[in-house]
Amino acid sequence: MKRLAVLFALIGSPAFAASGPFFSLFNTNFVVLIAFLVFIGVLVYFKVPGILMGLLDQRAEQIRNDLDEARALREEAQTILASYERKQREVAEQSERIVAQAREESQLAAEQAKVDLKASIARRVAAAEEQIASAETGAVREVRDRAVSIAIAAAAEVIAAKTSATDANKLIDASISEVEARLH
């Protein structure tokens, strides 16, 4: 099947379609060959291959510059990333130190608060004990004063009942002279 396709391709080729001698202007193959060679000559005359090569070189140089710039940007991005990662680690370490310091300070503050609370309780207990002692002393004094008043009243009643008027006058005179002796 392949051989048949190749045979038809060779039979139907344009070279067999031309009539007459090959180097004649009536031969289409020869005219196409001359046109092709003139076209190539014009391209060479106007230095189109050089221009195309220059454009390709410029494009290659631009691509190379773009790649170099991309590499530089990538390196800069990696440097910035490393810097940010280092800063992130430093901030994390600093925050851990701050948290640890805050914990220590809170523990110290709690301990100080306990000490202050104990001292405050001790002061309040002491103040309460002083108030109790003062109240007790006042109560004892009041009871004693009351007992003295009652004793004086009872003694006055007993003395008044047992002493006569002359004895009372003698006692008053003795008291006045005693007060006079003490005051002078």
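So, here's what we can say about the structure. All values reported here derive from a predicted model rather than from experimental measurement.

### A word on the pattern of salt bridges
Pairs can form between side chains of opposite charge once their charged atoms are near each other. Across all of its chains, the model carries 3 salt bridges by this definition. A salt bridge links Arg64 to Glu61; the nearest nitrogen and oxygen atoms lie 2.7 Å apart. Here the residue Arg64 and the residue Glu61 both occupy positions in helix H4 (residues 48–162), the gap between them amounting to 3 residues, near one helical turn. Note on Glu61: relative accessible area 36%, which makes it partly exposed.

### A few points about the side chain of Ser24
As for its placement among the helices and strands, Ser24 is situated in the loop between helix H2 (14–17) and helix H3 (28–45). When its relative accessible area of 15% is taken as the criterion, Ser24 is described as buried. Looking at Ser24, its side chain comes within polar contact range of the main-chain nitrogen of Phe26, at 3.1 Å.

### What about a nonpolar patch on the surface?
On the surface, Phe22, Phe23, Leu33, Phe36, Leu37, Phe39, Ile40 and Val44 cluster together into a nonpolar patch covering about 830 Å² of accessible area. For Phe39, the position within the fold is in helix H3. The class for Phe39 is partly exposed, based on a relative accessible area of 49%.

### Side note on unusual backbone geometry
Look at Lys47: it is not a glycine, yet its phi comes out positive at around 55°. Summarising the element assignment, Lys47 is placed in the loop between H3 and H4.

### Quick look at the packing of aromatic side chains
Under the counting rule described, the total for this entry stands at 1 aromatic pair. When the centroid spacing of 5.1 Å and the interplanar angle of 80° are considered together, the rings of Tyr45 and Phe46 count as edge-to-face. You can call Phe46 exposed: its relative accessible area is 52%.

Each value, and the rule that gives it
- Residues numbered from 1 in each chain as written.
- Predicted model: local features only at pLDDT ≥ 70, side-chain atom pairs only at ≥ 80, totals over all residues.
- Heavy atoms only, no water.
- Salt bridge = Lys/Arg side-chain N within 4 Å of Asp/Glu carboxyl O.
- Helix = DSSP H or I, 4+ residues; strand = E, 2+ residues; numbered from the N terminus.
- Buried < 20%, exposed > 50% of the residue type's maximum accessible area, 1.4 Å probe, protein only.
- Polar contact = N/O pair within 3.5 Å; in protein donor to acceptor, adjacent residues only side chain to side chain.
- Patch = residues over 30% accessible without salt bridge, like charges linked within 9 Å, V, L, I, M, F, W, Y side chains within 5 Å.
- Areas by Shrake-Rupley, 256 points an atom, 1.4 Å probe, with all protein chains shown as cover.
- Phe/Tyr/Trp six-rings, centres within 6.5 Å; stacked < 30°, edge-to-face > 60°.

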